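# Observations on the three-dimensional arrangement
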Amino acid sequence: MKKMSLFTGALIAMLAFGGGTGHAGGRTWEVIDQANTGSSQKPDKYGYANAIMNYDYVPGYLFKVYTAPLRVTDIQLQPGEKMTGTPVAGDVVRWVLGTGKSVKNGLEQQHVYIKPTKPGLKTTMVINTNKRTYHIELHSYRETYMAAITWNYPQESLKMQIAENERVIAPGIDLNAVHFEYDVDVKKGRGLHWKPLRVFDDGRQTFIQFPKAMLNREAPVLFIGAGKKAQLVNYRVKKDYYIVDRLFDVAELRLGEKSQKIVRITRQ
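Only a predicted model underlies this, so the values are computations on that prediction, with no experimental measurement involved.

## With respect to the overall build of the chain
Tallying secondary structure elements over the chain gives three helices and 20 strands in all. For the chain, the proportion of its 268 residues judged to be buried stands at 37%. Split by element, the accessible area of the chain, about 16400 Å² in all, is 52% carbon and sulfur.

Okay, structure coming up:
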């Protein structure tokens with residue numbers, strides 16, 4: 001009976017942690033680890049302004065924050081953004097959390113202060129606000145720490161830019177329906193002066209923005225589809241934009257004939 005119980009327990013553990021498969025066909029724990037690793041954002045030299053690390057905010061990203069005992073790390077929210085509750089941490093015994101406020105450009109700015117009690121700790125924290133949710137992974141070291149963390153909000157900035165250009169580019173854009181997730185990949189050629197800066201749609205039309213350097217130079221032609229099945233599509237040119245009166249999953253910009261240069265655009 002004892003051997004049977006041990007066997008049953010081992011079988012349950014194997015099914016729960018080793019034998020389960022995720023949607024990508026791997027083991028459950030591997031799928032989870034890959035997702036967490038792929039979404040982790042670490043500090044780098046390009047994000048720093050003085051002692052403040054500026055992350056680009058994307059929903060679902062896991063932002064890493066490094067701390068040290070006797071040092072306070074200041075997590076700064078967007079001015080005007082308000083927390084809807086107390087930040088939640090996985091370990092509130094060995095980590096000290098506090099909140100505060102300041103004023104920036106006439107707007108109230110909320111802060112979350114973090115301090116570990118000793119090095120070698122690791123936990124997670126979630127901050128919910130009236131605009132978004134931040135998922136943070138906390139690490140503590142003996143001396144290395146981040147003084148302050150804040151975020152850039154590229155999608156919000158792009159919406160503001162679209163709103164400013166709306167009258168000239170395309171009146172009537174529904175900013176609430178704008179879809180930004182497009183991949184732009186160079187398939188042939190290098191150093192292209194016309195590689196798109198960004199691509200987005202509003203559920204009806206697709207907008208492709210190019211560098212202003214292209215305005216006075218040879219411009220590519222847009223095809224819907226990829227490879228030999230691609231077909232020429234009608235589009236309008238307004239300033240530095242191509243405007244297509246439809247949506248597409250894949251499109252290609254092509255320039256030249258013999259040594260053709262190709263950029264592929266894929267909607268996510």
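## Some points on the pattern of salt bridges
All chains considered together, the criterion is met by 10 salt bridges. Note that Glu-81 and Arg-132 form a salt bridge whose closest N and O atoms lie 3.1 Å from each other. With Glu-81 in the loop between strand S5 (73-76) and strand S6 (88-89) and Arg-132 in the loop between strand S9 (122-128) and strand S10 (133-140), the pair connects residues that are 51 residues apart, well separated along the chain. A relative accessible area of 0% means that Glu-81 is categorised as buried. We note a salt bridge from Arg-264 to Glu-252, for which the minimum N-O separation is 2.7 Å. Here Arg-264, found in strand S20 (residues 261-267), pairs with Glu-252, found in strand S19 (residues 250-255); they are 12 residues apart in sequence, far enough to count as distant. Overall, Glu-252 belongs to the buried group, its relative accessible area being 2%. Taken together, the shared-partner salt bridges connect Glu-252, Arg-254 and Arg-264 into one network.

## Considering the confidence of the model for the chain
For the chain, mean pLDDT is 86; residues scoring 70 or higher make up 84% of the total. When the criterion is pLDDT under 50, residues 10-19 qualifies, and its contacts beyond four places in sequence or with other chains add up to six contacts.

## Let's talk about the packing of aromatic side chains
Where two aromatic rings form a pair, the distance of their centres and the angle of their planes describe that pair. Applying the stated criterion to the full structure yields 14 aromatic pairs. Ring centres 5.5 Å apart and planes at 80 degrees place the aromatic pair Phe-63 and Trp-151 in the edge-to-face group. Linking Phe-63 in strand S4 (residues 62-67) with Trp-151 in strand S11 (residues 148-152), this pair joins segments that are 88 residues apart in sequence. Look at Tyr-66 and Tyr-141: their rings are 5.6 Å apart centre to centre, the planes differ by 55 degrees, and that puts the pair in the tilted class. A residue pair is termed long-range when its members are at least 10 positions apart, and Tyr-66 in strand S4 and Tyr-141 in the loop between S10 and S11 qualify at 75 residues. Among the residues examined, Tyr-66 registers a relative accessible area of 15% and is labelled buried. Given a relative accessible area of 38%, Tyr-141 falls into the partly exposed group. Site record: aromatic cluster; members linked through ring pairs are Tyr-55, Tyr-57, Tyr-61, Phe-63, Tyr-134, Trp-151 and Tyr-153. The cationic tip of Arg-132 hangs over the ring face of Tyr-57; the distance from NZ or CZ to the ring centre is 5.4 Å.

## Let's talk about the nonpolar core
One finds Ile-75, Met-125, Ile-127, Tyr-134, Ile-136 and Trp-151 to be the most contacted residues of the largest nonpolar core, which totals 23 residues. Taken together, the elements giving at least two residues each to this core come down to strand S3 (52-56), S4, strand S8 (107-116), S9, S10 and S11. Non-local contacts of Ile-75, meaning those with residues more than four positions away in its chain, are made with Gln-110, His-111, Val-112, Ile-114, Met-125, Ile-127, Ile-136, Ile-149 and Trp-151. If you look at the next biggest cluster of nonpolar residues, it comprises 19 residues, including Tyr-182, Leu-192, Trp-194 and Val-199.

Calculation notes
Residues numbered from 1 in each chain as written. Predicted model: local features only at pLDDT ≥ 70, side-chain atom pairs only at ≥ 80, totals over all residues. Heavy atoms only, no water. Helix = DSSP H or I, 4+ residues; strand = E, 2+ residues; numbered from the N terminus. Buried < 20%, exposed > 50% of the residue type's maximum accessible area, 1.4 Å probe, protein only. Areas by Shrake-Rupley, 256 points an atom, 1.4 Å probe, with all protein chains shown as cover. Salt bridge = Lys/Arg side-chain N within 4 Å of Asp/Glu carboxyl O. pLDDT = per-residue confidence, 0-100. Contact = heavy atoms within 4.5 Å. Phe/Tyr/Trp six-rings, centres within 6.5 Å; stacked < 30°, edge-to-face > 60°. Lys NZ or Arg CZ within 6 Å of the ring centre and 35° of its normal. Core = buried A, V, L, I, M, F, W, Y, C linked by side-chain atoms within 4.5 Å.

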